[in-house]
Amino acid sequence: MLVAISGAGLAGLSCAKYLVDNGHTPLIVERQSVPGGKIAAWKDKDGDWYETGLHIFFGAYPNLLQLFKELDIEDHLQWKTHSMIFNQLENRETYSRFDFPDLPAPINGMVAILRNNDMLTWEEKIKFGIGLLPAIIKGQNYVEEMDCYSWSEWISKQNIPSRVEKEVFIAMSKALNFINPDEISATILLTALNRFLQEKNGSKMAFLDGSPTERLCQPLIDYITDKGGEVRLNTSLKEILLTEDNNVKGFLVGGRNGEPDQVIEADAYISAMPVDPLKAKLPKAWKELEEFKKLEGLEGVPVINLHLWFDKKLTDIDHLLFSRSDLLSVYADMSNTCREYSDPNKSMLELILAPAQEWINKSDQTIIDVTMMEIQKLFPQHFEGKQKAKLLKYHIVRTPRSVYKATPNRQAHRPSQRTSIPNFYLAGDYTMQKYLGSMEGAVLSGKLAAQAIVKDYPI
Ligand SMILES: Cc1cc2nc3c(=O)[nH]c(=O)nc-3n(C[C@H](O)[C@H](O)[C@H](O)COP(=O)(O)OP(=O)(O)OC[C@H]3O[C@@H](n4cnc5c(N)ncnc54)[C@H](O)[C@@H]3O)c2cc1C
């Protein structure tokens, strides 16, 4: 059976993978010249890669890790020590670590927190532990109910000292959804904490050993095409065409290189586009349907990913770092963390600038200037004296609408993968699945959409 899919991000690609596994024939149209969507990457004229986002793979990502296994590419992941490393607020060139010992969960997480005395006092740790009890005892139902609060509201409701938020959760909130704790839904941070504390390797992190394009998207595309599927790049979904009874009749698609428009007629259709382009493409006849009307409550959040190449090594830390900066979120020296980008003598910092609303329309020079001021605070020893580190080149990738902005009460707006239109399905990290806006969420949403089709169209 032919299934047309718009969007070759992780959701569209994983959906196609599970469709070919079940004997169906997917045809993906992707409007960009490279696959991957929010994990897309490009090579510059020097042969250096730059990416839409600095991407971390967590131990708490069962569907994504299963996908790596099924594609036989588990060796493309470079696992780091089981730690979380924060720059210290007062003295930014020093670090505070949470090191998780090799013990069962949640003991390993508790030991990591109890052993760290740089960031929280004993009193703060105890009050935080007591505040967390309802989430631990009542589990996911409680976590979902807390979607009506922002993290800051939840912290104050649970009598947790506000310093706990300042020390730990500004950094985590910016890392998870590119916004601050006064904006993010409590459900997001509680979900992450639950996974990190309840699974032994939940917070263990891995980097890809090269670009997501070559090391994850290409193996997926090879797998799909080897089994009879197709991925057409540079091809946009222009319009969803309807039958008289408002089911899908076809996808009107157009090439970016001037090819004539074409109608793809399939047996079933999937939007694996992000929520913002989907809203723009919804046929008029569907706009008043409750399941599509509620999408108005979802909108992508802006974020900026920066790559800076220096003429010398700034650090030898082979891990993700939480910058604790107002401007920046997480960062890593990719010359240490990623085999293909490795360089023993020079650093390539990849940094996320968030929240990015105020910066997204600013010039490259303005963004680089403010970022360099932050980098000088993170590595002051390399910007003093005669042997100052020199910035050799940079790339800036702006994503004005990235993952959906997870402010309070958004959960109710997230649609299911199966819609009331019999031959139309949704995949994408914003659709309802328990992993929120993440690579794991995207892969799971694609798998769920494929499972719905396999069930609805038995071969
Ligand atoms: C800066 C940044 C850092 C991130 N860091 C992490 C991280 O560390 N860990 C993590 O788990 N997640 C991270 N994420 C989130 C993760 O990248 C996304 O959740 C995931 O990749 C989304 O996949 P998707 O398939 O749902 O959507 P997308 O990747 O957005 O894919 C949708 C695709 O649809 C295509 N499309 C749109 N309109 C059309 C059209 N009209 N016709 C055809 N195609 C169309 C797009 O071009 C795109 O390729 C990060 C995201 C960003 C931006």
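- In the annotation of an unreviewed UniProt entry, the entry for the protein chain reads Phytoene dehydrogenase, and the organism field reads Atelocyanobacterium thalassa.
- Word for word, the UniProt comment on the protein chain under Sequence similarities (unreviewed entry) is "Belongs to the carotenoid/retinoid oxidoreductase family."
- The UniProt entry for the protein chain carries the following text under Pathway (unreviewed entry): "Carotenoid biosynthesis; lycopene biosynthesis."

1. A word on the UniProt feature "domain: Amine oxidase" (unreviewed entry) in the protein chain
Here is step 1: Mapped onto this numbering, the UniProt entry gives "domain: Amine oxidase" (unreviewed entry) at residues 10-453.
Here is step 2: Taken as a whole, residues 10-453 contains 34% helix and 20% strand, while its terminal C-alpha atoms sit 18 Å from one another.

2. Re the sheet that holds strand S1 (residues 2-6)
Here is step 1: Reading across from one edge, S10-S2-S1-S14-S20 is the order of the five strands in this open sheet, with parallel pairing throughout. For this open sheet the edge positions go to strand S10 (230-232) and strand S20 (424-426), each flanked by a neighbour on one side alone. The average angle at which neighbouring strand axes cross in this sheet is 20°, direction not considered.
Here is step 2: In this structure, S1 lies alongside strand S2 (residues 25-29), joined through five bridges in parallel fashion. Counterpart to Leu2 in the pairing with S2 is Thr25.
Here is step 3: Docked against the sheet, helix H1 (residues 10-21) engages S1, S2, S10 and strand S14 (268-271), running at close to 165° with respect to S2.

3. Digging into the sheet that holds strand S11 (residues 235-242)
Here is step 1: Here three strands make up an open sheet; going across it, the order is S11-S12-S13 and the pairing antiparallel. Strands with a single pairing partner mark the edges of an open sheet, and in this sheet they are S11 and strand S13 (262-264). Strand-to-strand twist across the sheet, computed as the mean angle between neighbouring axes with direction ignored, equals 35°.
Here is step 2: The sheet contact formed by S11 and strand S12 (residues 248-255) spans seven bridges and is antiparallel. Counted as the bridge partner of Leu241 is Gly250 from S12.

4. A word on the site of the ligand
Here is step 1: Around the ligand sit 36 residues, and of these Glu30, Lys38, His55, Tyr61 and Asp429 come closest.
Here is step 2: Taking Gly37, its main chain carries an N or O atom lying 3.3 Å from an oxygen atom of the ligand.
Here is step 3: Backbone polar atom of Met439 to an oxygen atom of the ligand: 2.9 Å apart, as the coordinates give it.
Here is step 4: A total of 1,000 Å² of accessible area belongs to the ligand in isolation, and the protein chains cover 95% of it.

5. Here we look at the side chain of Asn194
Here is step 1: Within the element layout of this structure, Asn194 appears in helix H8 (residues 186-198).
Here is step 2: Excluding residues that lie within four positions of it along the chain, Asn194 makes contacts with Ala135, Gly139, Gln140 and Val143.

6. Some thoughts on the packing of aromatic side chains
Any aromatic ring pair is given by two values, namely how distant the centres are and how the planes are angled relative to each other.
Here is step 1: On inspection of all chains with the given rule, the structure shows 15 aromatic pairs.
Here is step 2: Here Phe86 and Phe322 contribute two aromatic rings whose centre-to-centre distance is 4.5 Å and whose plane-to-plane angle is 15°, an arrangement assigned as stacked. Within this pair, whereas Phe86 is found in strand S7 (residues 83-87), its partner Phe322 is found in strand S16 (residues 321-322), the two being separated by 236 residues in sequence.
Here is step 3: Given a relative accessible area of 5%, Phe322 falls into the buried group.
Here is step 4: A connected cluster of aromatic rings, assembled from ring pairs, spans Phe128, Trp151, Trp154 and Phe169.
Here is step 5: Here the guanidinium or amino end of Lys125 rests over the ring plane of Trp122, the centre of that ring lying 4.7 Å away.

7. Here's the deal with the packing of H1 against helix H14 (residues 439-456)
Here is step 1: Direction vectors running N to C along H1 and H14 enclose 40°, while the axes themselves pass 7 Å from each other. Between H1 and H14, the crossing angle belongs to the class labelled oblique. Judged by the sense of rotation from one axis to the other, the crossing of H1 with H14 is right-handed. Contacts between H1 and H14 involve Leu10, Ala11, Ser14, Cys15, Tyr18 and Leu19 from the first element and Met439, Ala442, Val443, Ser445, Gly446, Lys447, Ala449, Ala450 and Ile453 from the second.

Quick notes on the rules
Residues numbered from 1 in each chain as written. Predicted model: local features only at pLDDT ≥ 70, side-chain atom pairs only at ≥ 80, totals over all residues. Heavy atoms only, no water. UniProt positions renumbered as here; feature names shortened; annotations may be inferred. Helix = DSSP H or I, 4+ residues; strand = E, 2+ residues; numbered from the N terminus. Pairing = 2+ DSSP bridges. Axes fitted to C-alpha atoms, helices over the stretch in contact; angles between N-to-C directions. Contact = heavy atoms within 4.5 Å. Near = heavy atom within 4 Å. Polar contact = N/O pair within 3.5 Å; in protein donor to acceptor, adjacent residues only side chain to side chain. Areas by Shrake-Rupley, 256 points an atom, 1.4 Å probe, with all protein chains shown as cover. Phe/Tyr/Trp six-rings, centres within 6.5 Å; stacked < 30°, edge-to-face > 60°. Buried < 20%, exposed > 50% of the residue type's maximum accessible area, 1.4 Å probe, protein only. Lys NZ or Arg CZ within 6 Å of the ring centre and 35° of its normal. Parallel < 35°, antiparallel > 145°, perpendicular 65-115°, else oblique. Left-handed = near helix turned anticlockwise from the far one by under 90°.

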